[in-house]
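One-letter residues, chain by chain:
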Amino acid sequence: MPTVYTFSRSDNDILQELLRVFSSGRGTAKEQWTLQAEVLVEPVGWDALWKLSKEFCKKFEVRFPCIACVSVTSVDFEELSAQVDVLSVQHEAVSLPENVMDVPLTELWPTVKQREQCVNASSTAEFIDLMRFYYQNIWMPWDDQDDKVLLPNTIEDRMNLWMELHNGSIPNCISRSITLLRNSAINAHEKLRELDSSLCEGDIADEDDSLLPPNYISLCAEMNARLDGLMSKWTLYENPLIREQYLAKARSKWQKHKSKRNVVALWHGGNKTDFENISKFLCSQLTNDHSLSVMVSAEEGLSLEPDEVVICDKEYEIPEMPLSQISFCSFNGATLKATDMRSCLLMLSEDCRIRDLTLHCALVNTVIVMRSGTLHVKNCMLIDDSKSFQSDFAQGIVAMSGADIVLEDCTFENFYSGIVVHKGAKVELRNCLIRKCGVGIQMYSGARVRLDGSALRDCAERCVRCERDAGAGAGGGALMDGLQITSNCKIGSGNLEEEVLIVQQDVNLA
């Protein structure tokens, strides 16, 4: 993938640039961005990487995330979108149309190397980067409502809130509540858009209410009422004076419960026998040092910042949010799934534990991403049974630099890469099974992998693929530094010369 423009701005730099965009104080957010885009964005002929949104991935039936190299053939400044020609796709198995309409500018990353020398890709990239920051972190759904004027002081208040969320001024449990509130507002807005889109596709005349889809009016009213309620809650955080008082109360409440170990049981409800059995199980696991909350909503349960989460149903959908210092287990076995298409099922850091669960990959690219810290996974099944091809590049666990992972009695099945171990990460497998994957374990120079009593079989490409740093030299032998396989392991046919592939690492241009 070609190199793209990147920018390093301080928080204050971002604030000042946003204030310049909204300095006119006239029009909706979209209208003010349009005025700037007409001046700073090249109208045609520039090359970019397109990071497809979930909506486009669903439309083209490809797994999210997906990246393509494209050439912009025209820009619709009013809609802040572009028409593109697809030049190539990151993964050979993925097929996209040659020409795609209405790609949001925020999904495009202009490349440093341009085929057309006269293109000013730098200023285009800088503008899109700022607009992308706004829509990812500052924008709220009501900013583009008719006759809504977004003022500079609102931008400043939200930017200050964003900075407090990221500099540790706001406790994690409250930070998660704020993030969930924003996500809920965006989701409600998206559902309203989907309802409007379905109406347009039906080609129904505006004046003919009798032909509206069933429950259309009630669903619209419900979503609008939900948005209004979320807007009212948001003002508690957006206004700095109200936020200061509200956070003081929240901190006080949080301190009272800090001394106890916070446990959340997720249960949709059931009959008396179910309740009795779950109660017995929870009582056997808890002491007086634990504080227990039984919740129906996974979002609300996780917003309580629990130390432990017990899944009490056979299946639960987990929302998208980074988690740290948390344990997951189940009563009588359970399956965790994503609520919607996204990058990963669980994004974890610090000290985490997972046991007695099935982790499902149907809607995500990766089951677990461990950013840093320790992770212990015991008696779990990680599986992609979405009936997609192995070349769809699904991954079981990705260990980033600083991650230390121990896997016991776990099974990985039907991934392109069962486990990916980056430089500076450590993974140990004890009595684990990896089967029906493209590559069982993918590791890089500087990573450490130990296999003990584990088996890798039926891998389409190789059981283990090791990538050395460029310039490190090919070296000899079947194993790479950092890879340790004990004698009680079963690696494919047993011939490590065939089952372990050592290659030079590709230069990463992206």
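Up top is the structure.
In this text, all values refer to a predicted model and were calculated from it rather than measured experimentally.

## Considering the pattern of salt bridges
With the rule as written, the count across this model stands at 21 salt bridges. Across the pair D143 and R158 runs a salt bridge whose closest N-O atoms are separated by 2.7 Å. Of this pair, D143 sits in the loop between α4 (121-138) and α5 (152-166) while R158 sits in helix α5; the two residues are 15 residues apart in sequence, bridging distant segments of the chain. Neither residue differs from the other here; D143 and R158 are each classed as buried. Between E164 and R243 there is a salt bridge, and its shortest N-O distance comes to 3.3 Å. Taken together, the positions of E164 in helix α5 and R243 in helix α8 (residues 240-257) put the pair 79 residues apart, joining distant regions of the chain. The exposure class of E164 is partly exposed, given its relative accessible area of 24%. Overlapping salt bridges bring together R9, E17, E126, D129 and R132 as one network.

## Let's talk about the nonpolar core
Membership of the largest hydrophobic core comes to 66 residues, with the highest contact counts inside it found for F328, L348, I354, I368 and L407. In terms of residue count, the dominant contributor to this core is strand β15 (residues 364-378) (6 residues). Not counting the four nearest positions on each side in its chain, I368 is found in contact with L346, L348, I354, L359, L375, L382, G396, I397 and V398.

## Thoughts on the side chain of R9
By secondary structure assignment, the location of R9 is in the segment before α1 (11-21). There is a polar contact of 3.1 Å between the side chain of R9 and the backbone oxygen of E126. Side-chain polar atoms of R9 contact the side chain of D129, separated by 2.5 Å. Excluding residues within four positions of it along the chain, R9 makes contact with I14, E17, E126, D129 and L130.

## Section: the packing of α4 against α5
Axis separation between α4 and α5 bottoms out at 11 Å; the angle between their running directions is 75°. Considering their axes alone, α4 and α5 lie roughly perpendicular with respect to each other. On α5, the residues that touch F133, Y134, N137 and I138 of α4 are I155, R158, M159 and W162. Looking at the contact of α4 with α5 residue by residue, the class counts come to 6 nonpolar, 1 polar and 1 charged.

## Some points on the pairing of strand β17 (residues 395-399)
Here β17 lies mainly inside the structure; 5 of its 5 residues are buried. Strand direction decides the pairing type here: β15 and β17, joined by 4 bridges, are parallel. The residue of β17 that forms the bridge with I368 is I397. Direction of pairing for β17 relative to strand β20 (residues 417-421): parallel, over a ladder of 4 bridges.

Analysis parameters
Once a new chain begins, its residue numbering starts again from 1 and follows that chain's sequence as written. The predicted nature of this model means local features are confined to residues of pLDDT at least 70 and side-chain atom pairs, given and counted, to a pLDDT of 80 or more, with totals for whole chains, interfaces and linings taken over all residues. To obtain the side-chain values, all non-hydrogen atoms of the structure were used and water was disregarded. Only one rule defines a salt bridge in this text: a Lys or Arg side-chain nitrogen within 4 Å of an Asp or Glu carboxyl oxygen. The way it works is that DSSP assigns letters per residue, a run of H or I at least four long becomes a helix, a run of E at least two long becomes a strand, and they are numbered from the N terminus. Any residue under 20% of the maximum accessible area for its type is buried, any over 50% is exposed, and the rest in between are partly exposed; the area is computed with a 1.4 Å probe on protein chains only. The term nonpolar core refers to a set of buried residues drawn from Ala, Val, Leu, Ile, Met, Phe, Trp, Tyr and Cys, joined through side-chain atoms within 4.5 Å. Contact criterion: two residues are considered in contact whenever any of their non-hydrogen atoms come within 4.5 Å of each other. N or O atoms within 3.5 Å of each other form a polar contact, as long as, within protein, one can give a hydrogen and the other can take it, and as long as residues adjacent in sequence are counted only when both atoms are side-chain atoms. Angles here are taken between N-to-C directions and fall from 0 to 180 degrees, while the axes themselves are lines fitted to C-alpha atoms, restricted in helices to the stretch in contact. Roughly parallel means an angle under 35 degrees; roughly antiparallel means over 145; roughly perpendicular covers 65 to 115; every other angle is labelled oblique. In this classification, the charged set is Asp, Glu, Lys and Arg, the nonpolar set is Ala, Val, Leu, Ile, Met, Phe, Trp, Tyr, Cys and Pro, and all remaining amino acids, among them Gly, are polar. By definition, two strands form a pair when at least two bridges between them are found by DSSP.

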